[in-house]
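Close look at the chain arrangement
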There are 4 protein chains.
Amino acid sequence: MIVKRFYDERLAQASFMVGCPGSGEAIVIDPSRIVEPYLEAAAAEGLRITGVTETHIHADYVSGSRELGATTGATIYLSDEGDADWKYGYANDPNVRLVKDGDEIRTGAVRLVVRHTPGHTPEHISFVLYDESASEEPLGAFTGDFIFVGDVGRPDLLERAANIKGTMEKGARVLYNSLRKFVEYPDHLILWPGHGAGSACGKSLGGVPVTSLGYEKRSGWAFQTAGEQDFVEEVLAGQPEPPKYFAHMKRINKEGPPILGAISIPPRKQTDELMRLLDAGATIFDMRPAGEAAAGLIPGTINVPFEKSFTTWAGWFAPYDAPIYLISENETEVLEAVKALATIGIDQVGAWFGHEVVDEHQKSRDLATIGQMQAREAKERLDAGEVTIVDVRGASEYEEGHIPGSIHVPLGYLADRADSIPKDKPVVFQCYAGGRSSIGASLWVKLGNPPPLNFVGGFEEYEAQGLEVETGSGKEPVHA
Amino acid sequence: MIVKRFYDERLAQASFMVGCPGSGEAIVIDPSRIVEPYLEAAAAEGLRITGVTETHIHADYVSGSRELGATTGATIYLSDEGDADWKYGYANDPNVRLVKDGDEIRTGAVRLVVRHTPGHTPEHISFVLYDESASEEPLGAFTGDFIFVGDVGRPDLLERAANIKGTMEKGARVLYNSLRKFVEYPDHLILWPGHGAGSACGKSLGGVPVTSLGYEKRSGWAFQTAGEQDFVEEVLAGQPEPPKYFAHMKRINKEGPPILGAISIPPRKQTDELMRLLDAGATIFDMRPAGEAAAGLIPGTINVPFEKSFTTWAGWFAPYDAPIYLISENETEVLEAVKALATIGIDQVGAWFGHEVVDEHQKSRDLATIGQMQAREAKERLDAGEVTIVDVRGASEYEEGHIPGSIHVPLGYLADRADSIPKDKPVVFQCYAGGRSSIGASLWVKLGNPPPLNFVGGFEEYEAQGLEVETGSGKEPVHA
Amino acid sequence: MIVKRFYDERLAQASFMVGCPGSGEAIVIDPSRIVEPYLEAAAAEGLRITGVTETHIHADYVSGSRELGATTGATIYLSDEGDADWKYGYANDPNVRLVKDGDEIRTGAVRLVVRHTPGHTPEHISFVLYDESASEEPLGAFTGDFIFVGDVGRPDLLERAANIKGTMEKGARVLYNSLRKFVEYPDHLILWPGHGAGSACGKSLGGVPVTSLGYEKRSGWAFQTAGEQDFVEEVLAGQPEPPKYFAHMKRINKEGPPILGAISIPPRKQTDELMRLLDAGATIFDMRPAGEAAAGLIPGTINVPFEKSFTTWAGWFAPYDAPIYLISENETEVLEAVKALATIGIDQVGAWFGHEVVDEHQKSRDLATIGQMQAREAKERLDAGEVTIVDVRGASEYEEGHIPGSIHVPLGYLADRADSIPKDKPVVFQCYAGGRSSIGASLWVKLGNPPPLNFVGGFEEYEAQGLEVETGSGKEPVHA
Amino acid sequence: MIVKRFYDERLAQASFMVGCPGSGEAIVIDPSRIVEPYLEAAAAEGLRITGVTETHIHADYVSGSRELGATTGATIYLSDEGDADWKYGYANDPNVRLVKDGDEIRTGAVRLVVRHTPGHTPEHISFVLYDESASEEPLGAFTGDFIFVGDVGRPDLLERAANIKGTMEKGARVLYNSLRKFVEYPDHLILWPGHGAGSACGKSLGGVPVTSLGYEKRSGWAFQTAGEQDFVEEVLAGQPEPPKYFAHMKRINKEGPPILGAISIPPRKQTDELMRLLDAGATIFDMRPAGEAAAGLIPGTINVPFEKSFTTWAGWFAPYDAPIYLISENETEVLEAVKALATIGIDQVGAWFGHEVVDEHQKSRDLATIGQMQAREAKERLDAGEVTIVDVRGASEYEEGHIPGSIHVPLGYLADRADSIPKDKPVVFQCYAGGRSSIGASLWVKLGNPPPLNFVGGFEEYEAQGLEVETGSGKEPVHA
C-alpha cells in the first residue's frame, strides 16, 4: 500500500493519496483544486486515480474533488450525512456516489471505511484505512477537520463565518459525542488530519504531520475535559476570527465548484493600465516583500507579499465578483500565484504588472513611503501622546497581551472599522512580527489616509525588550 | 538608443525592440505572438512599448502585432502598400495607423523611415533606423524578409504556399527592383533581417545575426546576378517546400489574429482518456526524444520531439480546426510547448499526458518499436531488395544527393502520398540526421502500417562512409 | 513541536528534524551528507540546528552527521553501544558526545530517549520522542533500520556486505530480543523508520512513511513468528544482494566521513577528452534515458540513467579510488548528480560531457546500437536456440520465476562473471522492466563484447503474456 | 559561418564565438572565466572550440582565455604586440601561440586577421573577420576596447587604475593613430565591440550591440575631432573613476589567471557563525534588495543587491586576500553569485547564510534601520542645516549637477574618506536613483557610524521636482 501526503503551506492544508500497487489504482482524499500534483504523484507510483473523496464541505478552501473527478474520470465519493442543509448540490453528477457511515471505498487491497464524525460540520466523515494485504486491523484514519494533532476541529465556523446563528454550541455537543464514539478504535490507529499548524480551522495545531489515537487520548486537551459542558466551553473559547471568504467557500463547495480545466497566466500590462485600474478602484495585490514595498508603495495597491499567508489575506481582500490584479516579479511567480488564488476560488486575475511599474508610477504620481519604527521609539511616542498605535492581530492574541494604549482592529476588519481610528495623530501599525502590520499599512493608504508608520518588530520585539504589557480586550474601536 | 534582438529558435524568427531612453518609449518590430519577452525587456531597460509594427503579412508564424498592441495599448503601424488583396483586415482597429513609403515612426530620438520593399510580398516594408541624437546618417535597417544575411526573401511563397498561381515570377521581378532601389543607401547601413538559418522563408540563411548593406552588395548572390532574368531564375530555384500551414498563417495575419490574452496550461489527463482520443483519431504529439519514443511508441501518436523543429512539424501535422494533445515530461514543458504552438496559431491544446501513459498503454495494448538501422546495413538490405528506403528530406536536398534506389517523399507530404509507397517489404525511413525520419516513422504507424525501421544516422552517416550517392530527382512516388 | 521528514528517493532513505519552537532549536536524525535541505527547513521554521544524531553506522550511504555537525557547529550524538569493533573512529572530535541506552537528548520541550536496539548492527540505537509541552507519554520513535513499516532491518548485511563471517545468525537472534523488549512501549507509539520501499536494507518495505507499534505488533511478520528460531530463519531468507559498495560505506561511516564543505560542479569537456578517457578505461556514466542511449551508445560508457536507482548503480560500478565522469544534459543535472554521488561517497567527479559527444564520437568512431526485443520474439529465438538470455535480476526475484533457459547473473556481478556467459550466440539482457537490463547491455559492450539485445519489456511483459515460467535457482553460470 | 555574441550584463562585457559548420570548429574571442556557456553554445551548433583569443590584457574582468583553453584543449592566441611591460606571463604555456599584426587565425572558411590597435592598452589587437566561403571582403571586426558603439576605449585606465604615471596622454595619442589607420577598412565593416552600455571601460557606450565602421566614421565623436590634440583632450575628459580592483585584474590577466576547473558552492552556515565573522570584521555581502535590507540591516554587512552592478561593487569592496561571505536567498542564487564573483577573480567565498539570519540576529543584537527620505524633505532639512547630504556618484555626474550644499564622496572611496564627512548631524546618502546610496548607507554603518538616512529617489527625483541644482566640482571633502 502507498500513502502519500500533500501539503499546501499557504492553506496549511493536507490531502492524501492512498494507492494499491496491485490494482494500480489510487484514491485521493480532500484534494486541492490544483490537481496536477496528484496526477504527477500517481504517475510516479504507477497508479491511476480512480476515486476522489472529501471529509466535509470545506470552508477554508475550494474543494478539488470535482476538478479531480473531471480531470481523471474518477468516481467522487461525497458524504450523504447531515440534514437537508448539508447536501451537496452536485450529488447528481454522473460520477458522484454518496456515502454514509459504514460504507466502504475499496481498490485492490485498500479499504476505506466511512465513519460519520460530525461536529466541525454536520455531514463530516472520516475514513478508516485498512491494508487488506497486511492485516485485518485498521492502520489509520484520515480525520479531516475532526481530530487534529493536539486539537479538534472548531464547531463554531458555521456560526462565525457563515452567520448561521445558534449552531456553534450544538456543534460542540455533537463533536463531543463523535469523539466519544471514535475513541473505541484501537490506540495504535494513526491519525492523518486535514490541517497543520497555522490553519484557521483549529486553534492550536501542531507542527507534527501525524499522530495516533492513543496519543491523542492521553495528551489531546479535548480528551481530558471534565465532561461535555466543560468540553463545549473550552472548544468555543479563543477561536481566531474566521476569514470573511469562508462563507463564500462553504457555499461554493456545497453547490459544486466550477471546473477550472486549464490554468491561465494573465497578460502582463504596462503602467498606464495600472493607473487606469487605480483610478477605477480595482483590487491590486503588490506581491513584493514588505520592506521593498514600504520603501516605495503605489497608493491604492495592497501589499500582500507572496509568502505563506498570501492566500489567506488575498481571500480577505479580494472581491469575489470582480477581477484582481497582481504586481509580481515574473511570469513564474504569477503562475504560482494564480494557482494559489484558485485554491480559494479567486479565478479572475485580470492582468499582472512587473516591478518596473513602481518607478514608472513615480514619474507621474507620488509613491508612499511607510516609515519603519522600532519598539522603544514606538513606546515613547505613544506615551508622549504623539502617535496612535493600531494593533491588527486577532482578538485572542490581543487579549493575551498588548501594548497599553494601543487600539485593536484585526487586519481583516480594518477597512470596515477604519472610521473608528482617530486620525489626528500619525498612525502606527503593529502586529506580532511585522507581516500583518505591513499589509495593514498599505491598506490604510488605499483607504485614502496619509502613509502610516509600521512598527515592524511588532509585539515580539516589544515583549522581548521587557516593556510594559497589558492583557484583556482593551480598547477596540466601536463598530459603526 | 537601445536596439534589442529577440530570436525564436523554433521559428528561426527575429524581432526587434528599438527604444529611446530619453523619451522612455520603445517600438517593437515583427513581434511574435508570445509578448511577455518584449514587456520584460522593455521593463528592464526602463521603457514603455508605445509602438508596434511589422514588415509584412507573415506566412510562417502568427504576427504578434495585434496581441502586443492589445496588451500595451501601443499604436500598431501596418503597411498600406500593395494592392487590394494585401490590405489588412483589422486596419480599422482604433489603435492601427497605416503607413506608406516615406512615412516615419518616431519616438524621442529614434526615427524609423518606412520604405516599400516588395518582392517577398507586395506590401512588404522595411524600416530605416536613425538615431537623431547621434547622427543624421541612418544606422541600419530592419529588412524583414526582404534582405537576409547572404540571401533574399523568397518571392514564391505566395504561389507555392497560398496557391496563388502566376505570382512567383512577378514577385521575383518586383524583388529585383526593390533591391536595385535599396542599394542606394550607404554601404555602412547595418541590416537586421527577420530570419536566421533554418527558416523556410529563404533558402540559405546564414548563422550570423546581422550584416551590412555594403557587405551584401559585395558578397550576396542576389547582388551579383547578370541581370533581372538571371536573378529571377536563380531566386526561384531550389526553394524548400513551404509548410502547408503557411497559407493558413497568411490568412490569419491578414484578417487579424485573435487576441490570446491569457496563456493557458491545459489539464493533465490519465491513460483512459488517451485511449479514447486514440480511438477517435485525435492528433497527439509525443514530445519525447526520438530514441525514447522509438523504444516504445504508442501507435497513433506522432513523435515530434520538443526540439528546434517542434513548431514547424507541429504546424504541418496539426489540424487547425480541432484540438491537439501533448505527451510531455511535465507542466513546465507543456507551458513552453503551448507558447510555441501559439506562435503558429495552434491555440487549442485539449489536454496533456505524462510519460507514464506509455507504460500504462502497454498494460492493455501493444506499443510499437521502431528498429534502428545503420548505414551499411541499410545499404546492404536495400541492395538485396529486402527493404524499401523512404527518404523524407526536401526536394533540393534529395536532388543534391541520395541513396540510389531510395524513394523520395518529403515528410510533410507523407500522409498524402503514403499510398504510393510499396508495402511489400519492410520500410526504412531516412533523412539527413535522423530527426525527420523519426517523425516519419511514427506517422507511418499512425497511418495504420506496421512499425518501420529508422536509419537514424541518415544521409549524413551514409555519405560519411563513402557509400554510393545518386543525384537528381530520382524516384518520387507518383502523386494521386 | 515540529517533526519534519526528509526523503532521498534515490537511496529510499529517510531522515528527520525534530524542533522546539520555544527553544528555537532542532535536532536532525540520520542526515544525508547533502545538508542544505536541513538548513533550509530549519530556517523556514525559525530553528537552529544544534544537535545531530544517527541510529547506527550506516552501510548504504555516507552519514551526514559529521558534515552537518561541521556546518552548523551542532553537537553530534553517537552510539556508544556495541563492542570494540563498533566504536566510531571520530568519537573524540570536540563536538561529539557518546550516548548509551537510557541517555537523553533534549532541547526545549523535545526529549529523545536513547534505546539500544541491536540486530541490524550491534550498536544500533532508536530514539523515543517525547513532547514535554504536551504529554508525559511518548509520541513516537525514530527506529532507523530496526523496525520498518511491515518489516525489520536485515541482520545479514554485516556478513554479506562486509564479509564478516558468522555474524548474521547471531545478529538475527539479537534483533529478535530487541523486538521483544521494544514491544513493551505502548501501542500508540508512532514509528518513523529510516527507509522506505526500495531500500536494500530490508526486503519488503512498504510505501507508507509511518506506522505505529500497535499496528506492527498485529500485522508485521516479524512479530508473528512462532519463536526465535522461526524468526531467525525467516529474517535471513530472501534478502537481496547487498551492493558491493556497502562494505566501503560501513568503513567510511565508522571512521568518520571526510567533510565536503563546498559542493563542486566539475568542468565540462569536449569530445577529444572523452576519447582519451575511453582509451584510458575511465568510468564514464552516460545519464541519458535508456531508450536514447540504446539508439546510439558510446562503447566504453555505462548507461546509468539519472533516475531513481542512479545512486545505487553508480555505487556498484564506480571505482572508489579514481574519478568518475558524466555524460549529462546540462549543468543543473550535473549538480544534482554530484550531490547524489556524494551521498554514497563518490566525491571525485572529474569532468562532464554534454549530449553532443554522442554525435561527435560518431564522426570518428562507431556507436553501438542496442536492439530492442519483445517478449514473444525473445521466447521464440531462445527456444530456437538462437540467443542466450541473461537475466540480471536479484537471486530471489529469479527464484520466484524466470524464463526457462535463461541464465542468471545479477547486474552487480556482471563484470565479475562475464566469462561464464556463452558468447557463441547473440546475448539478450533481461530484468523485470528494462531498467537493469539496459545498464547491463551497456556494461556488456564496455567489457569488449559486441552490442547485445535488450528485452526491454522484461519479465513483467513476459509474465503478462502468459508465457511459460520456471521457478528455482536455475542456471547461474559457474563463478571463476 | 556562425557568429554568436555572449553578453555578461553585470560586467557589460561582450564575448564572441565564430565558427565554421564545415570544419566543425569554433574560435572564442574575449571569453569570460565562466566558460560553460561557450561549451553549451558550441555543442548546440555542432562545433568544437579549438581556438581562444583575446583583444588585450583586460582590466575590468579576469580573462577566461586560459580557463577555456584548459577546459577544451584549444590553442590560445595572445598578442605579442606592446613593449616588455605588456608581455603575457603564460606565453610559454604549451597551448599558447603569440600573434602579431597581420597574423591570421583560421578554421575552415573562417579567417581572423590580427590588427594591432593600441591606445586603450599598448598590446591591444582587433580581429578582422572574413568568411571565405562567401566573399573576399571582410564582414566585420571584433574591436575589443578599441572602438565602441559611439565611443572609443579609454586610454587612461593604465594611469588611473594601475597608477602608471604619464601613460594616459601617450595612450590617447597612440589611440588617435590607431583610429586613423583603421578607417581605411571599408565603410561596410561591421564592428562588434567588447563592451556595452554601463562599462567603466568607456564613458558613453550605447545600447546597440553592433555598429559599422562607416557609421562610426560619420557619427562617432572620436572621428569628428579637429585633430590629435583635440582628440586627446576630449578622450581624457570626464572618464569615470576606475574601480580599484582594475589594477588587480590587469596583473592577474597578464600573469595568467589561475584555472578554476570546478565551480564550488560554499556551505551554508547558521547565525552563530555569522556573529563570529562579524566580530572578526569579515566582508559579508548581503544580497537582498535595498528596500528589504534598509528595513533591517545587520550592522557590519554590506548590502550589495544581486542586481546588475553586483559584480562591480563586490569588486570595489572585496579584499582580494581573504574570503568573502554571502547572505542570499537560496543555493541557486549563491551559485550564480559565485560565478559572477569568479569573473572578477573573487574566488574565495567562505560560506553563505540564508535570509533567516536577519531575524536570528535580532534575537541577540540590534538591527539597523535605514530611514527612507524623499526629495522635498531632504532639501528642506538640508536647507535648515539639520542634515549632511553625501552624494556618492562619480565625479562627472556630480559636476554636471548636484544638490547645492551636498558633499561629494564617490561610493568606491567612502571607506577611505569617511573621516572627512562631518558626523555632527544625521547623514543622508544620495546617488542618482537609490542604488549606490543604499550600498553606501550599509557601508557607513559597517564603518561604525549610526544608521544614516537614504534619499532613495536620488538626484533623478530631485531634478524631476525642479529643485535648485548646482554644477561644478563643489564640496568634495579633503582627502587625508
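Keep in mind that what you see is a predicted model, and the values were worked out from it rather than measured.

**Remarks on the overall build of chain A**
- When you go through chain A residue by residue, the secondary structure sums to 17 helices and 24 strands.
- With respect to the three principal axes, the spread of C-alpha positions in chain A is 70 × 55 × 35 Å.
- Scored against the burial criterion, the 480 residues of chain A give a buried share of 63%.
- Summarising the internal contacts of chain A: among those between residues at least 6 apart in sequence, 67% fall at separations of at least 24.

**Overview of the domain arrangement of chain A**
Residue and element names in this part refer to chain A.
- Splitting chain A by domain gives domain 1 (2-255), domain 2 (271-362) and domain 3 (371-464).
- Domain 1 and domain 2 are separated by 32 Å when their C-alpha centres are compared.
- On the side of domain 2, 17 residues touch domain 1, which itself brings 17 residues to the contact.
- Interface area, domain 1 with domain 2, both sides summed: about 1,400 Å², of which 62% is carbon and sulfur.
- Scanning the region where domain 1 abuts domain 2 turns up three salt bridges.
- Two residues, glutamate 336 and arginine 10, come together in a salt bridge whose shortest N-O distance is 3.1 Å.
- Summed over the shared surface of domain 1 and domain 2, the result is six residue pairs in polar contact (both at pLDDT 80 or more).

**Observations concerning the relation of the copies chain A and chain B**
- Of the two same-sequence chains, chain A is brought onto chain B (RMSD 0.1 Å, axial shift 0.0 Å) by a rotation of 180°. Taken together, the rotation angle and the small translation identify this as a two-fold axis. Across chain A, the rotation axis passes nearest the C-alpha of A:Ser264, at a separation of 2.0 Å.
- Comparing interface residues between copies, 100% of those in chain A also lie at the interface in chain B; the contact surface is shared.

**A closer look at the sheet that holds strand E13 (residues 190-193) of chain B**
Residue and element names in this part refer to chain B.
- Sheet architecture is open: six strands sit in the order E7-E8-E9-E10-E13-E14, paired in mixed fashion. Each edge of the open sheet is held by one strand with a lone partner, namely strand E7 (104-107) and strand E14 (211-212).
- In this sheet, strand E8 (residues 110-116) lies alongside E7 in antiparallel orientation, the contact comprising four bridges. By the bridge assignment, arginine 106 is partnered in E8 with arginine 111.

**Concerning the interface of chain A and chain B**
- Listed per partner, the contact involves 28 residues of chain A and 28 residues of chain B.
- Between the two partners, chain A and chain B, sit eight salt bridges.
- Between A:Glu331 and B:Lys339 there is a salt bridge, and its shortest N-O distance comes to 2.5 Å.
- Our enumeration of links across chain A and chain B arrives at 15 residue pairs in polar contact (both at pLDDT 80 or more).
- Looking at the side of chain A that touches chain B, the elements that each hand over two or more residues are helix H1 (36-44), strand E4 (48-53), helix H2 (65-72), strand E15 (263-265), helix H11 (331-342) and helix H12 (356-364) of chain A.
- Here the side of chain A that touches chain B gets four residues from one element, more than from any other, and that element is H1(A).
- Broken down by class, the residue content of the side of chain A that touches chain B amounts to eleven nonpolar, six polar and eleven charged.
- For E15(A) and strand E15 (residues 263-265) of chain B, the ladder comprises three bridges, and the chain directions are antiparallel. Paired with A:Ser264 across the strands is B:Ser264, a residue of E15(B).

**Considerations on the packing of helix H10 (residues 310-317) of chain B against helix H11 (residues 331-342) of chain B**
Residues and elements named next belong to chain B.
- Packing of H10 against H11 leaves a shortest axis separation of 9 Å and a crossing angle of 65°. Remark: the crossing between H10 and H11 carries right-handed chirality. Judged by residue contacts, Phe310, Thr311 and Ala314 of H10 engage Ala337, Ala340 and Leu341 from H11.
- Residues that form the contact of H10 with H11 fall into these classes: five nonpolar, one polar and no charged.

**With respect to the interface of chain A and chain C**
- Across the boundary between the two partners, chain A contributes 24 residues, which contact 24 residues of chain C.
- A per-residue breakdown of the area chain A buries against chain C is headed by A:His188, A:Val208 and A:Tyr215, which together make up 30% of the total.
- Elements supplying a minimum of two residues to the side of chain A that touches chain C: strand E1 (2-8), strand E10 (138-144), strand E13 (190-193), strand E14 (211-212) and helix H5 (213-219) of chain A.
- Looking at the side of chain A that touches chain C element by element, the count peaks at four residues for H5(A).

**Topic: helix H7 (residues 245-255) of chain C**
Residues and elements named next belong to chain C.
- Listed as buried for H7 are Tyr245, Phe246, His248, Met249, Lys250, Ile252 and Asn253.
- Next to the buried residues of H7 lie helix H3 (157-162) and helix H10 (310-317).
- Note on H7: the residue one or two positions beyond its end, glycine 256, has a positive phi of about 115°.

**Quick notes on helix H10 (residues 310-317) of chain A**
- Across the eight residues that make up H10(A), a large majority, seven, are buried.
- Within H10(A), burial applies to A:Phe310, A:Thr311, A:Trp313, A:Ala314, A:Gly315, A:Trp316 and A:Phe317.

**Focus: the sheet that holds strand E24 (residues 453-454) of chain D**
Residue and element names in this part refer to chain D.
- The five strands are arranged E20-E24-E23-E21-E22 in an open sheet whose pairing can be described as parallel. Every other strand in the sheet has two partners, leaving strand E20 (371-372) and strand E22 (407-408) as the edge strands with one partner each.
- Note that strand E21 (residues 388-391) and strand E23 (residues 427-430) share four bridges and pair parallel. Counterpart to valine 390 in the pairing with E23 is phenylalanine 429.
- Sitting on the sheet, helix H16 (residues 435-446) touches E23 and E24, and the angle it makes with E23 is about 145°.

**Concerning unusual backbone geometry**
Residues and elements named next belong to chain A.
- The phi dihedral of alanine 12 is positive, around 50°, even though this residue is not glycine.
- Positionally, alanine 12 belongs in the loop between E1 and strand E2 (13-20).
- On the accessibility criterion, alanine 12 (3% relative accessible area) is buried.

**Some remarks on the confidence of the model for chain A**
- Predicted confidence across chain A gives a mean pLDDT of 92, with 97% of residues reaching 70 or more.
- If you check the scores for this complex, the pTM reads 0.93 and the ipTM reads 0.92.

**Digging into the pattern of salt bridges**
- A full pass over the atoms with the stated rule returns 136 salt bridges over all chains.
- Ionic pairing is found between D:Asp416 and D:Lys244, a salt bridge with its closest N-O pair at 2.9 Å. On the criterion of sequence distance, the pair formed by D:Asp416 in helix H15 (residues 414-417) and D:Lys244 in the loop between helix H6 (228-236) and helix H7 (245-255) is long-range, its members being 172 residues apart.
- Since its relative accessible area comes to 47%, D:Asp416 is described here as partly exposed.
- We classify D:Lys244 as partly exposed; its relative accessible area is 40%.
- With its nearest N and O atoms 3.5 Å apart, the salt bridge here joins D:Arg251 to D:Glu255. With D:Arg251 and D:Glu255 both in helix H7 and four residues apart, the pair spans about one turn of that helix.
- If you follow the salt bridges from partner to partner, you end up with A:Glu25, A:Arg48, B:Glu360 and B:Lys363 in one network.

**Regarding the relation of the copies chain A and chain C**
- It takes a turn of 180° to lay chain A on chain C, together with a shift of 0.0 Å along the axis; the resulting RMSD is 0.0 Å.
- The residues that chain A uses at the interface reappear at the interface of chain C in 100% of cases, marking a shared surface.

**Things to note about the environment of A:Asp366**
- If you trace the backbone, A:Asp366 turns up in the loop between H12 and strand E20 (371-372).
- A:Asp366 gets classed as exposed once you look at its relative accessible area, which sits at 60%.

**Thoughts on the environment of B:Thr53**
All names here are of chain B.
- Mapped onto the elements of the fold, threonine 53 is located in strand E4 (residues 48-53).
- Judged by relative accessible area, which is 0%, threonine 53 ranks as buried.
- Setting aside residues no more than four positions away along its own chain, threonine 53 makes contact with Ile27, Val28, Ile29, Asp30, Pro31, Ser65, Tyr77, Ile105 and Phe127.

**Quick word on the packing of aromatic side chains**
- In this structure the tally under the stated criterion is 64 aromatic pairs over all chains.
- With a centroid separation of 6.0 Å and an interplanar angle of 20°, the aromatic rings of C:Phe459 and C:Tyr462 are classed as stacked. One end of the pair is C:Phe459 and the other is C:Tyr462, both in helix H17 (residues 458-464) and three residues apart, which spans about a single turn.
- Of the residues examined, C:Tyr462 reaches a relative accessible area of 0% and is grouped as buried.
- Between D:Phe306 and D:Phe310, the aromatic rings sit 4.9 Å apart at their centres with planes inclined by 80°, giving edge-to-face as the arrangement.
- Since its relative accessible area comes to 14%, D:Phe306 is described here as buried.
- Overall, the relative accessible area of 0% leaves D:Phe310 in the buried class.
- Directly above the ring of B:Phe6 sits B:Lys4, whose terminal nitrogen or CZ lies 5.6 Å from the centroid.

Cut-off values and rules
Residues numbered from 1 in each chain as written. Chains lettered and ligands numbered in written order. Predicted model: local features only at pLDDT ≥ 70, side-chain atom pairs only at ≥ 80, totals over all residues. Heavy atoms only, no water. Helix = DSSP H or I, 4+ residues; strand = E, 2+ residues; numbered from the N terminus. Buried < 20%, exposed > 50% of the residue type's maximum accessible area, 1.4 Å probe, protein only. Contact = heavy atoms within 4.5 Å. Domains from an automatic or database assignment. Buried area = accessible area lost by both parts, 1.4 Å probe. Salt bridge = Lys/Arg side-chain N within 4 Å of Asp/Glu carboxyl O. Polar contact = N/O pair within 3.5 Å; in protein donor to acceptor, adjacent residues only side chain to side chain. Least-squares fit on C-alpha atoms with pLDDT ≥ 70 in both. Pairing = 2+ DSSP bridges. Nonpolar A, V, L, I, M, F, W, Y, C, P; charged D, E, K, R; others polar. Axes fitted to C-alpha atoms, helices over the stretch in contact; angles between N-to-C directions. Left-handed = near helix turned anticlockwise from the far one by under 90°. pLDDT = per-residue confidence, 0-100. Phe/Tyr/Trp six-rings, centres within 6.5 Å; stacked < 30°, edge-to-face > 60°. Lys NZ or Arg CZ within 6 Å of the ring centre and 35° of its normal.

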